[in-house]
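Breakdown of the fold
Letter by letter, the chains look like this.
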Amino acid sequence: MNILVVGGGGREHAIIKKIKENSKVKKIYALPGNGGYGSDAQCVPIAATDIEKIVEFARSNEIDFAVVAPDDPLAMGAVDELEKAGIPSFGPTKSAAIIESSKVFSKNLMKKYSIPTARYEVFDSPEKAKEYLEKSDYPIVIKADGLALGKGVIIAEDKKQAFDAVDSVMNDKVFGESGNSIVIEEFLEGPEVSVLSFTDGKTVVPMVSSMDHKRALDGDKGSNTGGMGTVAPNPYYTADVANECMEKIFLPTVSAMNKEGRPFIGCLYLGLRLTKNGPKGIEYNCRFGDPETQVVLPLLKSDLLDIMMAVQSSTLSEVSVEFSDECACCVVKASSGYPKKYEKGYEITVSADFPQDALLYFAGAKNEGGKLLTNGGRVLGVTAVADTLEGAVKKAYSAADKVKFDNEYMRTDIGKRALSADI
Ligand code: AMP
Ligand code: GLY
């Protein structure tokens, strides 16, 4: 089979490495991929958002199955267009991807179908938003309605910060049209859990849970990033919590999307907070998380391509989806300065004694004249699997030391919170 993967980050590299394990796979194309994928895929310089060119490429290269990984092309209808062209594709349609591309939609969905979430109000006027903020308790959370490269959520500690957030999102339009409406919601306290689920709109199969580390600096300090590292499973996500989430959040969400005439088919990402009043949904993403995928897929024992094809053909209940009971840790190596200003173009070297059983996923890398150079904020992720979480963390850090580039930065405490979880 010829497979096409849309996207070019660490998440897509993890998907590609896993799909490659299927013996039916002859060739994998990544659009656009990145220079670090090496022999794992053939990278083609077509942007992940250039849907017309993606469809044209799929048509003329005998693609048997496509996987659309990032949020933008999903929200733009990449899966709709590929399927229209006769290419079976994994990922939600545009009408279902709205669960991530509009926070107003997702909050209203949760309210309408009594899915536990933070209390909230929606505003499309900055004046009305400020009137509400005058009488609110703090901290409070302000969210731009649309996609904002993961930066559209502002946690305001006081009224001044909240007013500044409203001004920058709604008046200065720092996220463009995404800030036409905002959600203002209650700040929830409790451990955060990410759970990715396969669903064909009928069956929901949650994957192993994980914990992201979103802030740039050790001790969960500094700016929010795309994610500086992950561990799986998340120790706070016990079997009891998992059952409660299935019953109160996952199944009701998939059923709600069906009732809205927007069946969700693909990978549904649930961002949860485990509060003292039970688990609550914080956000939905319509795709695999990055870098959650880099710890979840290495623990998948079943065949990823078979599962994806079963999701696409509405036969998910007929395939086995099994996870190993080991633990995984992914440490992200970034360019110093990320997520703000950083330099690129430094050579990446992987030492000959990089452990054979560790996994290296490239994100911001390019190949220039046979040399691998840094080319982004998050440059790469190193994942290790072990019997214990402690073992996985140790192994991931020791493998990460075998990859070097100038100007590198990584957090030194990935997994620390999980290891000291009081459950
Ligand atoms: P998002 O961009 O939607 O992934 O949100 C970024 C981060 O903001 C989440 O991972 C949470 O840590 C935090 N967050 C979002 N909503 C809330 C909330 N209601 N209460 C507390 N933290 C939140
Ligand atoms: N790691 C968070 C996300 O993928 O949205």
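The following paragraphs examine the structure supplied in this document.

Points about the site of ligand 1
Of all residues adjacent to ligand 1, which total 16 residues, the nearest are Glu185, Leu188, Glu192, Lys214 and Glu283. Within the side chain of Glu185, an N or O atom sits 2.6 Å from a nitrogen atom of ligand 1. Between ligand 1 and Glu186, the relevant distance is 2.9 Å, taken from a nitrogen atom to a main-chain nitrogen or oxygen of the residue. For the shell around ligand 1, the secondary-structure elements that each account for two or more residues are β7 (140-144), β8 (153-156), β9 (182-186) and β17 (278-285).

Observations regarding the sheet that holds strand β16 (residues 266-275)
Strands sit in the order β11-β10-β16-β17 across an open sheet of four strands; the sheet is antiparallel. Pairing within the sheet leaves two strands with one partner each, and these edge strands are β11 (204-206) and β17. In this sheet, neighbouring strand axes are inclined to one another by 35 degrees on average, regardless of whether the strands run parallel or antiparallel.

Some details on the site of ligand 2
Taken together, Asp212, Gly226, Tyr269, Asn285, Arg287, Gly289, Asp290, Pro291 and Glu292 are the residues near ligand 2. A distance of 2.8 Å is found between a nitrogen atom of ligand 2 and a side-chain nitrogen or oxygen belonging to Asp212. Residue Asn285 places a side-chain N or O atom 3.2 Å away from an oxygen atom belonging to ligand 2. In terms of residue class, the shell around ligand 2 is built from two nonpolar, three polar and four charged.

Remarks on unusual backbone geometry
Of the consecutive residues Tyr138 and Pro139, the connecting peptide bond is found in the cis state with omega at 0 degrees. In this fold, Pro139 is placed in the loop between α7 (126-134) and β7. One non-glycine residue, Asp220, adopts positive backbone phi at about 55 degrees. Tracing the sequence through the fold places Asp220 in the loop between β13 (215-217) and β14 (221-224).

So, the side chain of Asp40
Topologically, Asp40 is positioned in the loop between β2 (27-32) and β3 (42-43). Side-chain polar atoms of Asp40 contact the side chain of His13, separated by 2.8 Å. Only 3.2 Å separates the side chain of Asp40 from the side chain of Lys17, close enough to count as a polar contact.

So, the layout of surface pockets
Estimates place the volume of the second largest pocket at around 440 Å³. Contributing to the lining of the second largest pocket are 19 residues, with Arg119, Pro139, Glu186, Phe187 and Leu188 lying nearest its centre. Elements supplying a minimum of two residues to the lining of the second largest pocket: β6 (120-123) and β9. The greatest single-element share of the lining of the second largest pocket, amounting to three residues, is contributed by β9.

Overview of the packing of aromatic side chains
Applying the stated criterion across every chain, the model contains five aromatic pairs. On the basis of an interplanar angle of 80 degrees and a centroid distance of 5.0 Å, the ring pair of Tyr29 and Phe57 is categorised as edge-to-face. With Tyr29 in strand β2 and Phe57 in helix α2 (residues 51-60), this residue pair connects regions lying 28 residues apart in the sequence. You'll find Tyr29 and Phe57 in the same group, each marked buried. The interplanar angle of 50 degrees and the centroid separation of 5.2 Å between the aromatic rings of Phe123 and Tyr132 together place this pair among those described as tilted. For Phe123, a relative accessible area of 11% puts it in the buried group. Of the residues examined, Tyr132 reaches a relative accessible area of 25% and is grouped as partly exposed. One cation-aromatic arrangement involves Lys111 over Tyr120; the distance from NZ or CZ to the ring centre is 4.8 Å.

Cut-offs used in this document
- Residues numbered from 1 in each chain as written.
- Chains lettered and ligands numbered in written order.
- Predicted model: local features only at pLDDT ≥ 70, side-chain atom pairs only at ≥ 80, totals over all residues.
- Heavy atoms only, no water.
- Near = heavy atom within 4 Å.
- Polar contact = N/O pair within 3.5 Å; in protein donor to acceptor, adjacent residues only side chain to side chain.
- Helix = DSSP H or I, 4+ residues; strand = E, 2+ residues; numbered from the N terminus.
- Pairing = 2+ DSSP bridges.
- Axes fitted to C-alpha atoms, helices over the stretch in contact; angles between N-to-C directions.
- Nonpolar A, V, L, I, M, F, W, Y, C, P; charged D, E, K, R; others polar.
- 1 Å grid on protein atoms, 1.4 Å probe; cavity = no way out; pocket = protein on both sides within 12 Å on 5 of 7 lines; lining within 4 Å.
- Points joined across faces, edges and corners; volume = space filled by probe spheres on them.
- Phe/Tyr/Trp six-rings, centres within 6.5 Å; stacked < 30°, edge-to-face > 60°.
- Buried < 20%, exposed > 50% of the residue type's maximum accessible area, 1.4 Å probe, protein only.
- Lys NZ or Arg CZ within 6 Å of the ring centre and 35° of its normal.

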